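# Breakdown of the fold
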Amino acid sequence: MVLEALEREGVEYIFGYPGGANLPLYQHLPEHPRLKHILVRHEQGAAHMADGYARARGKPGVVFATSGPGALNLVTGLCTAYMDSVPMIAITGQVNSTQVGRDAFQESDVIGATSSVTKHSYLVTRIDQLPRVIHEAFHIATTGRPGPVLIDICKDVQQAEANRVVPDYVEIPGYKLNGHVNLDQAREAARALAGAERPVILAGHGVLLSHAERELMQLAEAAAAPVGTTLLGIGAFPVKHPLSLHMTGFMGTGWCLKAVQNADVLMMVGMRVDDRVTAKLSEFAPNVKTFIHVDIDEAEMGKNVRSHIELVADARLALEAMLPHLGKVDAGRAEWLGQIDRWREEHPLRYKQSNGRLQPQDVLIDMYRRARSEAIVVADVGQNQIWAALWWNYDRPGLFINSGGSGTMGFALPAALGAKFGRPDLPVWCVAGEGGFVMTAQELSVAVEHQLDVKIVLLNNFSLGMVRQFQDDFYGGIRSQVDLTHMPDFVKLCEAYGLPALRVEKFEDIAPSFDAAERTKGPFLIDFRIDPEANVYPIVPLGKGLNEFREAPEYA
Amino acid sequence: MPDIKLVPPHPAGTRPTSPASGEVNKIRVLSVLVEDGQNTLTKVSGVLRRRGFHVRGISIGPSRQPGRSRITLQIDHGHAEADQVRKQLERLVEVIEVEDLTGDDVHSRELVVATVAASELNGLLERGAKVLSTGPGGTTVEFSGERQEVGDFVDELTRHGIVDVVRSGPVVMRRTA
Ligand SMILES: Cc1ncc(C[n+]2csc(CCOP(=O)(O)OP(=O)(O)O)c2C)c(N)n1
Ligand SMILES: [Mg+2]
């Protein structure tokens, strides 16, 4: 019954792991060859794979796990998807409905444990609930602000036979969808933006989720307003566009931060305005006279910054509604854009190129040269993530995937594999630090088993680099528990898993190693032994305002 | 179409204060219509806890619509923006609607049932208490009123030697025009 419903919802892949409480599902799985099941090596891997699949494919990722430990292993993956508004359906087995609440073997309160990291969840104790629940779950996961939905199904329900009354529509009274635009507010917002002396637009993940890139471009050009993106909004606006500010936030570009801090009108579209974007809240955008916030989730309004104009709507519809009302653009605009150009020249992205050690930026620049704008890059968390975000001129949406809101180490490998399942037509590159990589490295087996053409770029700095940098710069220079010199020989590790790998220590070997990776079909790993002292810049010290960003010391 | 919210409850351009700061003793009342279900209470209380909202009083009972209940919440305004509570609760699929019933144009009632040792009950009866039962263990009375009246009533009870006392949460309804 469950499997038929999944087929009806158009599911292609299930990322899962069997166990006592979901055995009935697995018993019938072979009868459904259209549902391709990927056996992961850890349930967290399944959740991240489904997440990567969903982000790359634009369809909800589906996960199976058994009760108790199986379901609880999903929690980090659910949270990652929840924080980044990724549609996902997690189907977990639960003990028999007659045993619920009696501490049966492998029973756990999965709903309780996951309710804060899911958009919605269901405990199914009766077969007649099932068709409606599955249909609703897909609807909720994919509409409005997307997110993961968990369905906890008692084992006896999985086994039950029932006549299939499948609802062909959903009616969920408590589910509120904010799609429509208040036209008065849209007009107001357009006028404020056009009439601003120093406008800035910031674009978040919501722009990508609602496919509003074109409208964003039209609006930015018509209003002559510069655009920065959040980490998750990368790709929403081409970095090489003259109006681009590249990335904002506490590790954003210097010229973007200057623009935000000097803006008089700040429009924030499809974003949560979290602390990584604002840094010290009381010093965020201090010169703004009019904040405009566009988001589909009403609860984001005023959560961190109370805006003057709040547009609770789908980003594309909101921007579209604003377009006709821009009117005349303020005369001071040329001066403002000129000022931004000067900041761009004064605060470029820079790195140390010639200290004899391998620089991560050199590795990434070569990788991106090959990836161009036709490959998906999935980054892990840490320094590697920010380097991967900053050192490429993303000019199309959907090419950069990473765990932004949750910052989950270990995300990249399984998510890259999921992305490859979702988009086999696109090259997929996985960028990871060695610390995060070993958190989910067991999924290499999946890459090998399915001969997934994913190239893994390990930026190996023998340390928890991002933490090391924070300790060096903000915690008295005391390096505490960040040393990762005792790690496996990654080339041998890959050999054991059955995939080819190379180690690179010199600049000259970067290009040949990538050549080898590209020549090889199937998974390939390159262990880049990078400068262990390489840092991420610019960076705003923790607790400080965006104004106080620090640049690479050798250039400051 | 609602009006443009140019004067939101929290001045625009400001950043809401952290949950711990702000005015205390400002109570807001929210009436939350929910879908009955195993998870509803957990979800509602989960949101309140997670977002740092402090609950002063709560009551739950069936609503006029079958399968739905009404939760009345008294929350400390000082612990967070009441507006945020409403929005966060409305995100829950189990929540049908949330209405802010803070203010004067509402009926707000609470019930107290108490057993007192004294047989002299005039002070209580004058306030409108009703005797439910009497026995060797004491006299049991009930009283209902606004939060403040119920508080005063409980103060009065102490003078009669309280054996036991229970208070309900609030039930609040908008006055008809
Ligand atoms: C699961 C998890 N644990 C801890 C952290 C905190 N953390 C953030 S970055 C980082 C260091 C990551 O090290 P590595 O994977 O080697 O990447 P690098 O920063 O060196 O590029 C840590 C420990 C996290 N984000 N996720
Ligand atoms: Mg590292």
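Predicted, not measured: the structure shown is a model, and the values here were computed from it.

## Quick word on the sheet that holds strand β8 (residues 227–229) of chain A
Residues and elements named next belong to chain A.
- Within the open sheet, the six strands sit side by side as β9-β8-β7-β10-β11-β12. Their pairing is parallel. The open sheet has two edge strands, β9 (244–247) and β12 (309–312), and neither has a second partner. Taken over all neighbouring pairs, the strand axes of this sheet differ in orientation by 15° on average, direction set aside.
- By the bridge criterion, three bridges tie β8 to β9 in an arrangement that is parallel. Considered in β9, the bridge of T229 is made with M247.

## Quick word on the coordination of the magnesium ion (ligand 2)
All names here are of chain A.
- Around the magnesium ion (ligand 2), the protein contributes the donor atoms E434 (OE), E434 (OE), N461 (OD1) and S463 (O), at 2.1 to 2.8 Å from the metal centre.
- Given six donor atoms and angles of 48 to 175° at the metal, the environment of the magnesium ion (ligand 2) is assigned as irregular.
- Here the donor residues for the magnesium ion (ligand 2) map to a single chain with the spacing E-x26-N-x1-S. Within this pair, whereas E434 is found in helix α19 (residues 434–439), its partner N461 is found in the loop between β16 (454–460) and α21 (465–474), the two being separated by 27 residues in sequence.
- Given the relative accessible area of 1%, E434 is considered buried.

## Quick look at the environment of A:P427
All names here are of chain A.
- Position of P427 among the secondary structure elements: in the loop between α18 (412–422) and β15 (428–433).
- Remark: the alpha-carbon pair of P427 and D453, spanning 26 residues in sequence, is separated by 7.2 Å.
- Beyond its immediate sequence surroundings of up to four residues, P427 is in contact with E374, A375, I376 and K420.

## Considering the domain arrangement of chain B
Residue and element names in this part refer to chain B.
- Domain boundaries in chain B define domain 1 (5–104) and domain 2 (107–174).
- Contact residues are listed per partner, giving eleven residues for domain 1 and eight residues for domain 2.
- Both faces considered, domain 1 and domain 2 share a buried interface measuring about 750 Å² in area, 49% of it formed by carbon and sulfur atoms.
- There are one salt bridge connecting domain 1 and domain 2.
- Of the charged contacts, one joins R174 and E99 as a salt bridge, the two residues approaching to 3.3 Å between their closest N and O atoms.
- Listing elements by their share of the side of domain 1 that touches domain 2, those giving two or more residues are β1 (27–35), β2 (55–62), β3 (68–76) and β4 (95–100).
- Its residues placed into classes, the side of domain 1 that touches domain 2 shows four nonpolar, four polar and three charged.

Calculation criteria
Here the residue numbering is sequential within each chain, running from 1 through the sequence in written order. Chains and ligands are labelled by the order in which they are written, letters from A for the one and numbers from 1 for the other. Only residues with pLDDT of 70 or above have their local features reported here, since the model is predicted, and side-chain atom pairs are shown and tallied only from 80 upward, although totals for entire chains, interfaces and linings are computed over all residues. Computation of side-chain values: all heavy atoms of the structure, hydrogens and water removed. A strand pair is defined by DSSP finding two or more bridges across the two strands. Comment: elements are numbered from the N terminus, with helices defined as DSSP H or I runs of at least four residues and strands as E runs of at least two. Inter-axis angles, ranging from 0 to 180 degrees, are taken between N-to-C directions of lines fitted to C-alpha atoms, where helices are fitted over the stretch in contact. Only nitrogen, oxygen and sulfur atoms qualify as donors, provided they sit within 2.8 Å of the metal or within 3.2 Å for Na, K and Ca; with water excluded from the atoms, sites may seem incomplete. Only four donors with every angle between 85 and 135 degrees are called tetrahedral; only four or six donors with opposite donors over 155 degrees apart and all others between 65 and 115 are called square planar or octahedral, in that order; all others are irregular. Buried, partly exposed and exposed residues are distinguished by accessible area as a fraction of the type maximum, computed with a 1.4 Å probe on protein chains only: under 20%, between the cut-offs, and over 50%, respectively. Between two residues, a contact is recorded if the distance between any of their heavy atoms is within 4.5 Å. Start and end points for every domain follow an automatic or database-based domain assignment. Summed over both partners, the accessible surface that disappears when two parts come together, traced with a 1.4 Å probe, is what is meant by buried area. For salt bridges, the criterion is a side-chain nitrogen of Lys or Arg within 4 Å of an Asp or Glu carboxyl oxygen. Under this grouping Gly is polar, as are all residues other than the nonpolar Ala, Val, Leu, Ile, Met, Phe, Trp, Tyr, Cys and Pro and the charged Asp, Glu, Lys and Arg.

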